[in-house]
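What the coordinates show
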Amino acid sequence: MIHDWVDHMEDTQQVEIEAPEEVASMCPLKSFRFFRSKKVLTGSSDIRIGFLNRRTPWWDGSVIEGNDETGMKKVRTFRDGKLKISGDGLLEHDEKGIPISGDVRNSWAGVSAFQILFIREHNAVCDMLKERYPEFDDEQLYRRARLVTSAVIAKIHTIDWTIELLKTNTLLAGMRINWYGIMGKKFKDRFGHVFGPLLSGLVGQKEPEDHGVPYSLTEEFVGVYRMHSLLPDKLVVRDTTGGRVSRQGSLQIQEEVPMKEMVGTKGERRLSEIGVERMVVSMGHQACGALNLYNYPVWLRDIVPQDTDGQDRADLIDMPALEIYRDRERGVARYNEFRRNMLMIPISSWGDLTDDKEVIGALEEVYGDDVEKLDLLVGLHAEKKISGFAISETAFFIFLLMASRRLEADRFFTTNFNAETYTKEGLDWVNTTETLKDVIDRHFPGMTSRWMTSSSAFSVWDSPPTRPSLVPLYLRPAT
Ligand code: HEM
């Protein structure tokens, strides 16, 4: 999603961060150079300085479809509306080994696997539409397939991924209400979008709603999406040749590949050895990292960043240090101020943030007893979590606000979410695709029935399915 939504433009001027002497011996890079974020005048008297995004912030599938004219042309075959994919089912690559895809910067093989899956989805939509509308030319097929695929991505993110990330009854109800409304899917399928957003959901409203502020993804949103701690240290590659189903136990481990080998062009070569099927099954069997302090991947402390065209840069960076710098540079409020801005109660001592004595000791060492200095990223990772939540409550408010805004501000999810724009069959495609599992089943038949016991493809695949509840969703306890 980050590859779909946001990447700040940079200035031409480089700056350098140097580790203070007392900690330098613990830093893989004693100093590193990088480009400042590009500042622009907003023209507003409230907030004078702003920053520009080089990806489109809309939920428009730009991660596979491209962000601009050149990028969009590069990924198209210009035949039957389809996008490029290589004969062996992987992404195509240019002569430098850089993938041909909607977004290639700072990527890794896991993102490529998802890009492959959704390129297949786009192309499958083209096949379906061509059969139904033989008179459609390449452009007509392409435009509709792009809309349908983007809507499938947005829907999966809303009603499958987010509820796995925030695994509570309240969120399950909330996210489904965002898409389908309080009356639910059956009602909406039957009667369409009637009686406003509460009853029928944000998707399909008559008009976009931007609450008087032009749509953008805010700096606060970028701040809370800094989730590099989700990344593991190694990718655990599973052996999918043995024919053992996951119900009989976890799949054998074949290899553990350090994540550094899975990024950039090296990662692309690794992916072609592993193969996309084994990659998807392996990722399915591996839990992501927790968004806690002391869990930031060490391998990100000296990584090679890339230019916008996916080429490696000469200067390595220390990601966690740079992330703190970025939030400060862009004027994102520190943790306590951020909470006040969200009308949340600020902390007055470290004990309000966490019970973990080790963490409190470390915070005191860095910030003394000045809780106002606490950086947002550190606070989000240190905060005790609500049971079932992978992210902090502070991050959650921004998450929820922007999740709704992405849908309700976009004409393709409101005014134009109709058969005239998507075609009837395109709209049916979106309406009948509910989960990532549905998309995997379409393009890798037999994969989930063989390897997945969990209910959602975003759970660890060999975990037990969610037990069905006889209690209707809205009557379940508000966990
Ligand atoms: C192997 C995987 C990943 C690599 C190599 C990677 C690398 C990077 C790099 C080099 C940057 C730019 C840093 C800068 O100049 O400020 C960045 C930005 C960012 N990344 Fe990652 N990242 C990865 C995965 C993730 C994941 C899993 C998430 C969240 C779920 C994430 C969220 C972000 C965000 C929010 C930004 C800031 C974007 C901006 O400032 O415009 N990244 N990442």
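Here the structure is a predicted model, which is why all the values come from computation and not from measurement. Numbering of residues begins from 1 in every chain and follows the order in which that chain's sequence is written. The model is predicted, so local features are restricted to residues of pLDDT at least 70 and side-chain atom pairs to those at 80 or more, both for listing and for counting; the totals for chains, interfaces and linings are taken over all residues. Side-chain descriptors were evaluated using all non-hydrogen atoms of the structure, hydrogens and water having been removed beforehand.

Digging into the environment of N292
The line we're drawing: Helix and strand assignments come from DSSP, with helices taken as H or I runs of at least 4 residues and strands as E runs of at least 2, each series counted from the N terminus. Contact definition: two residues touch when any of their heavy atoms are within 4.5 Å. N or O atoms within 3.5 Å of each other form a polar contact, as long as, within protein, one can give a hydrogen and the other can take it, and as long as residues adjacent in sequence are counted only when both atoms are side-chain atoms.
Secondary-structure assignment places N292 in the loop between α12 (276-284) and α13 (319-329). Along the primary structure N292 and G426 are separated by 134 residues, whereas in three dimensions their C-alpha atoms are 41 Å apart. Beyond its immediate stretch of four places on either side in the chain, N292 contacts S229, H381 and K385. At 3.2 Å, the side chain of N292 and the side chain of K385 are in polar contact.

With respect to the packing of helix α5 (residues 109-132) against α12
Put simply, the rule reads: Interaxial angle, 0 to 180 degrees, is taken between N-to-C directions of lines fitted to C-alpha atoms, where a helix line uses only the stretch in contact. Should an angle fall under 35 degrees it is called roughly parallel, over 145 degrees roughly antiparallel, and 65 to 115 degrees roughly perpendicular, with every other angle called oblique. Here a crossing is called left-handed whenever its near helix is offset anticlockwise from the far helix by less than a right angle, and right-handed whenever the offset is clockwise. Lys, Arg, Asp and Glu make up the charged group, whereas Ala, Val, Leu, Ile, Met, Phe, Trp, Tyr, Cys and Pro make up the nonpolar group; the residues left over, Gly among them, are polar.
Remark: α5 packs on α12, axes separated minimally by 10 Å, with the N-to-C direction vectors making an angle of 115°. In this view, α5 runs roughly perpendicular relative to α12, as classed from their interaxial angle. The crossing of α5 and α12 is left-handed. Contacts from A109, G110, A113, F114, I116 and R120 in α5 reach V276, M279, V280 and M283 in α12. Counted by class, the contact of α5 with α12 contains 8 nonpolar, 1 polar and 1 charged residues.

Description of the coordination of the iron atom of the ligand
Convention followed: Because no water is among the atoms considered, metal sites can look incomplete, with donors defined as N, O and S atoms within 2.8 Å of the metal, or 3.2 Å for Na, K and Ca.
For the iron atom of the ligand, the protein contributes exactly one donor atom, H228 (NE2), at 2.1 Å. Note on placement: H228 falls in the loop between α10 (219-224) and β5 (234-238).

Quick look at the UniProt feature "binding site: heme b" (unreviewed entry) in the chain
Note the following rule: UniProt positions are given in the numbering used here, feature names are shortened, and annotations may be inferred rather than shown by experiment.
Cross-referencing UniProt, the feature "binding site: heme b" (unreviewed entry) maps to H228 in the present numbering. The contacts of H228, once residues within four sequence positions are left out, are Y296, P297, L300, M319 and E323.

Describing helix α8 (residues 184-191)
For clarity, the cut-off: Exposure categories follow from relative accessible area, calculated using a 1.4 Å probe and restricted to protein chains: below 20% of the type maximum is buried, above 50% is exposed, and the middle band is partly exposed. Taken from the helix axis, the directions to the C-beta atoms give the arc we talk about.
Residues of α8 that are buried include every one of G184, F187 and K188, and no others. Angular distribution of buried residues about the axis of α8 spans 95°; they occupy a single face of the element. Summarising the geometry of α8, the exposed residues directed more than 90 degrees from the buried face are K186 and R190. Looking at the buried residues of α8, the elements they touch are α7 (169-180) and α9 (196-200). Downstream of α8 by a residue or two, G192 has a phi angle that is positive, lying close to 75°.

Some details on the packing of α7 against helix α17 (residues 393-408)
Helix packing for two helices is described by the angle between their axes and how far apart those axes are. The contact between α7 and α17 brings their axes to 10 Å, and the two run at 20°. Judged by the angle between their axes, α7 and α17 are roughly parallel. Classified by chirality, the crossing of α17 by α7 is right-handed. Packed against α7, whose contacting residues are L171, M175, N178 and W179, the element α17 presents F396, L400, A403, S404 and L407 at the interface. A class-by-class count of the residues in the contact of α7 with α17 yields 7 nonpolar, 2 polar and no charged.

Let's talk about the pattern of salt bridges
Basically, it comes down to this: What makes a salt bridge here is a side-chain nitrogen of Lys or Arg within 4 Å of a carboxyl oxygen of Asp or Glu, nothing more.
The full count for this structure, using the stated rule, is 37 salt bridges. In this structure, E273 and R270 form a salt bridge, with 3.6 Å as the shortest nitrogen-oxygen distance. A residue pair is termed a helical-turn pair when its members lie 3 or 4 positions apart in one helix, as E273 and R270 do in helix α11 (residues 264-274) at 3 residues. Overall, R270 belongs to the buried group, its relative accessible area being 17%.

Thoughts on the site of the ligand
Our working definition: One heavy atom within 4 Å of a molecule or strand is enough for the residue carrying it to be called near that molecule or strand.
Among the 20 residues in the neighbourhood of the ligand, the closest are listed as D7, H8, H228, R326 and R330. The side chain of H228 places a nitrogen or oxygen atom 2.8 Å from a nitrogen atom of the ligand. At 2.8 Å, a side-chain N or O of R330 approaches an oxygen atom of the ligand. Counting residues per element, the shell around the ligand draws most heavily on α13, at 3 residues. Split by residue class, the shell around the ligand holds 13 nonpolar, 3 polar and 4 charged.

Some words on α7
Selection rule: The span you would expect from a helix comes to 1.5 Å times its residue count less one.
Helix length check: α7, at 12 residues, gives a terminal C-alpha distance of 16 Å against a target of 16 Å (1.5 Å per residue), a fit within 8%. Within the sequence span of α7, burial applies to N169, L171, A173, M175, I177, N178, W179 and Y180. Packing partners of the buried residues in α7 comprise α6 (138-165), α8, α9, α17 and α19 (424-432). In the stretch just after α7, G181 is the one whose phi turns positive, near 90°.

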